[in-house]
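Secondary and tertiary structure notes
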Amino acid sequence: MIVLVGFMGAGKTTVGHLLAERLGLPFADSDRIIEQRSGRSVPQIFAEDGEPAFRALEHQVIAGLLDGPALVLALGGGAAEHPGTHERLAAAEVVYLQVGYEQAMHRVGGDPGRPLLARPDLPAIYQRRLELYAGIATLTVSTDGRAPEAISEDILAGLAREPAANDPVRR
Ligand code: S3P
């Protein structure tokens with residue numbers, strides 16, 4: 001199980017697809033699974049039920065995926081803020097895709113599919129999450145100004161250098 005975390009626009013989905021192909025593993029994106037299961041889009045869930053309801057659903061979906069067969073799993077940018085998800089990630093191989101704030105905003109533009117972009121405190125949310133991502137990462141890769149293929153190669157090289165994710169002496 002390889003979990004990709006990072007802020008919106010870090011490239012979790014694009015890089016995750018490439019990585020999954022290279023590793024011969026299936027790929028899943030927690031946002032897409034939430035949408036499939038609920039029959040609604042992420043912005044619809046935010047608008048109709050509110051962010052806490054989205055976070056609860058997100059946690060449920062991710063916990064289920066982490067219990068299932070091996071995957072490359074891209075998480076929504078805020079998933080790791082849920083304490084339950086955070087706890088579960090402590091036992092997983094977590095790849096943190098780092099992205100600068102300016103670059104992230106450039107990549108996501110004004111995407112209407114990302115309700116958090118409307119938040120006036122987005123820079124503070126970004127800052128707050130940096131520490132969170134770094135704290136759960138077993139591997140950190142910088143993405144600014146870099147192509148998804150190069151990022152994916154870095155991850156493969158990093159994973160090859162690491163002991164197995166379930167190695168009890170690693171953490
Ligand atoms: C969110 C990021 C989104 C999605 C939702 C909330 C966040 O995923 O889960 O809009 O809180 O940062 P991406 O990181 O894939 O854009």
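The rules behind the values
Residues numbered from 1 in each chain as written. Predicted model: local features only at pLDDT ≥ 70, side-chain atom pairs only at ≥ 80, totals over all residues. Heavy atoms only, no water. Salt bridge = Lys/Arg side-chain N within 4 Å of Asp/Glu carboxyl O. Helix = DSSP H or I, 4+ residues; strand = E, 2+ residues; numbered from the N terminus. Buried < 20%, exposed > 50% of the residue type's maximum accessible area, 1.4 Å probe, protein only. Polar contact = N/O pair within 3.5 Å; in protein donor to acceptor, adjacent residues only side chain to side chain. Contact = heavy atoms within 4.5 Å. Core = buried A, V, L, I, M, F, W, Y, C linked by side-chain atoms within 4.5 Å. Near = heavy atom within 4 Å. Nonpolar A, V, L, I, M, F, W, Y, C, P; charged D, E, K, R; others polar. Pairing = 2+ DSSP bridges. Axes fitted to C-alpha atoms, helices over the stretch in contact; angles between N-to-C directions.

1. Description of the pattern of salt bridges
Here the structure, examined in full by the defined rule, presents 14 salt bridges. Between Glu-51 and Arg-55 there is a salt bridge; the shortest N-O distance is 3.0 Å. Note that Glu-51 and Arg-55 are positioned in helix 4 (residues 51-67) at a spacing of four residues, about one turn of the helix. Given a relative accessible area of 13%, Arg-55 falls into the buried group.

2. Here we look at the side chain of Asp-29
Checked against the element boundaries, Asp-29 lands in strand 2 (residues 27-29). Polar side-chain contacts of Asp-29 include one of 2.9 Å to the backbone nitrogen of Asp-31. Other than its neighbours up to four places away in sequence, Asp-29 contacts Thr-13 and Ala-74.

3. Some thoughts on the side chain of Thr-143
Checked against the element boundaries, Thr-143 lands in the loop between strand 5 (139-142) and helix 8 (148-161). Among residues more than four places away in sequence, those in contact with Thr-143 are Ala-10, Leu-97, Gln-98, Val-99, Arg-107 and Ile-151.

4. A look at the nonpolar core
In terms of nonpolar packing, the biggest core is built from 50 residues, with Val-5, Phe-7, Leu-75, Leu-89, Val-95, Leu-97 and Ile-155 touching the most fellow members. When residues in this core are grouped by element, the largest group, six residues, is from helix 7 (residues 122-136). Not counting chain neighbours up to four residues away, the residues in contact with Phe-7 comprise Lys-12, Val-99, Tyr-101, Ala-104, Met-105, Leu-122, Ile-125, Tyr-126, Arg-129 and Tyr-133.

5. Digging into the site of the ligand
As a matter of local geometry, the ligand sits amid 14 residues, with Lys-12, Asp-31, Arg-55, Arg-114 and Arg-129 nearest to it. At a separation of 2.7 Å, an oxygen atom of the ligand approaches a polar side-chain atom of Lys-12. Note that an oxygen atom of the ligand is positioned 3.4 Å from one of the backbone N or O atoms of Gly-78. Of all the elements, helix 4 adds the most residues to the shell around the ligand, at three residues. Partitioned by chemical class, the residues of the shell around the ligand number five nonpolar, three polar and six charged.

6. Things to note about the sheet that holds strand 2
Across the sheet, five strands lie side by side as 2-3-1-4-5; this open sheet has parallel pairing. The open sheet is flanked by strand 2 and strand 5, the only strands paired with a single partner. Across the sheet, the mean angle separating the axes of adjacent strands is 20° when strand polarity is ignored. As paired strands, strand 2 and strand 3 (residues 72-74) are joined by three bridges and run parallel to one another. Paired with Ala-28 across the two strands is Leu-73, which belongs to strand 3. Docked against the sheet, helix 1 (residues 12-23) engages strand 1 (2-5), strand 2, strand 3 and strand 4 (93-98), running at close to 160° with respect to strand 1.

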